[in-house]
Amino acid sequence: MKIDEAQRAIKDILPEKRYVHSVGVSETAGKLAKKYGADERKARLAGMLHDIVKYFSDDELKAMILSKPGTWSDCLEYSDKLWHAPAGAVYVEKTYGIADLDILNPMIYHTTGRKQMTLLEKIIFLADYIEPSRDFPGVDEVREAAKRNLDTAVLLELQKTITHLLSKQQSVYPKTFEAYNDLVREQKNKKIDEVTE
Ligand SMILES: Nc1ncnc2c1ncn2[C@@H]1O[C@H](COP(=O)(O)OP(=O)(O)O)[C@@H](O)[C@H]1O
């Protein structure tokens, strides 16, 4: 699927604000891919499509997830706001024949993250948080971090997301904690390597 085809498809499906957000994620993901050495086309396509089923009903989202169960299906036990991410991947596979895991996995994990994220998964996770139309406390700090180091920015986003959910006494999807712990461990190991070199 070409990027402009994906853009036309989401324009027909999404309300204006979510369409603008999706184009922003696509452009930001393209820039991050260029900076950090990932495939720009794949980043832009996954970014464009990531929220495609955001406004489908909970029943439809649940049915899509159950039609293709995987390790992500446990999100059904958590907030229904998480469901559009894996359901979106099922939808684009069925509707547009997209089978490339470099597109599907970043879509599946764009809201929650997971441990051992690929470069493209990190890029879409981050682009969803920092694209230009996002405006919430702390977003600029993550934007600045993204200019310097991808992992530092992803870790900061995870920290802020978890803190935000805890402050509202909302449940946190376990894969988000796993992603956080994983990156903390990696950063710690990097520091130890730097000292022993
Ligand atoms: N890791 C998580 N675990 C549980 N709930 C989450 C997690 N991340 C986000 N959420 C919930 O999903 C909602 C929507 O998240 P998100 O898709 O990032 O926002 P947006 O609708 O602005 O794109 C959050 O407000 C929160 O309630």
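Since we're looking at a predicted model, the values are computed, not measured.

**Regarding the UniProt feature "domain: HD" (unreviewed entry) in the protein**
Then, in step 1: Residues given the UniProt feature "domain: HD" (unreviewed entry) here are residues 18-133.
Then, in step 2: Secondary structure content for residues 18-133 is 62% helix and 0% strand, and the end C-alpha separation is 10 Å.

**What about helix α4 (residues 58-67)?**
Then, in step 1: Taken as a whole, α4 has its buried residues at Leu 61, Met 64 and Ile 65. All buried residues of α4 fall inside an arc of 95° around its axis, so they share one side. Those residues of α4 that are exposed and angled more than 90 degrees off the buried face are Asp 59 and Leu 66.
Then, in step 2: Buried residues in α4 make contact with α5 (84-96).

**A look at the site of the ligand**
Then, in step 1: Taken together, 14 residues lie around the ligand, and Lys 54, Arg 134, Gln 170, Tyr 173 and Thr 176 are the ones closest in.
Then, in step 2: With respect to the ligand, the side chain of Arg 18 contributes an N or O atom lying 3.0 Å from an oxygen atom.
Then, in step 3: Note that an oxygen atom of the ligand is positioned 2.7 Å from one of the side-chain N or O atoms of Lys 54.
Then, in step 4: Partitioned by chemical class, the residues of the shell around the ligand number four nonpolar, six polar and four charged.

**Here's the deal with the side chain of Ser 73**
Then, in step 1: Along the chain, Ser 73 turns up in the loop between α4 and α5.
Then, in step 2: Among the polar contacts made by the side chain of Ser 73, one reaches the main-chain amide nitrogen of Gly 70 at a distance of 2.9 Å.

**Things to note about the packing of helix α8 (residues 139-148) against helix α9 (residues 150-167)**
Then, in step 1: For the pair α8 and α9, the least separation of the axes is 8 Å and the interaxial angle reads 160°. With respect to each other, α8 and α9 are oriented roughly antiparallel. Handedness of the crossing formed by α8 with α9: left-handed. In contact with Glu 141, Val 142, Ala 145 and Ala 146 of α8, α9 contributes Ala 153, Leu 156, Glu 157 and Lys 160.
Then, in step 2: Partitioned by chemical class, the residues of the contact of α8 with α9 number five nonpolar, no polar and three charged.

Thresholds, definitions, all that
Residues numbered from 1 in each chain as written. Predicted model: local features only at pLDDT ≥ 70, side-chain atom pairs only at ≥ 80, totals over all residues. Heavy atoms only, no water. UniProt positions renumbered as here; feature names shortened; annotations may be inferred. Helix = DSSP H or I, 4+ residues; strand = E, 2+ residues; numbered from the N terminus. Buried < 20%, exposed > 50% of the residue type's maximum accessible area, 1.4 Å probe, protein only. Arc of directions from axis to C-beta. Contact = heavy atoms within 4.5 Å. Near = heavy atom within 4 Å. Polar contact = N/O pair within 3.5 Å; in protein donor to acceptor, adjacent residues only side chain to side chain. Nonpolar A, V, L, I, M, F, W, Y, C, P; charged D, E, K, R; others polar. Axes fitted to C-alpha atoms, helices over the stretch in contact; angles between N-to-C directions. Parallel < 35°, antiparallel > 145°, perpendicular 65-115°, else oblique. Left-handed = near helix turned anticlockwise from the far one by under 90°.

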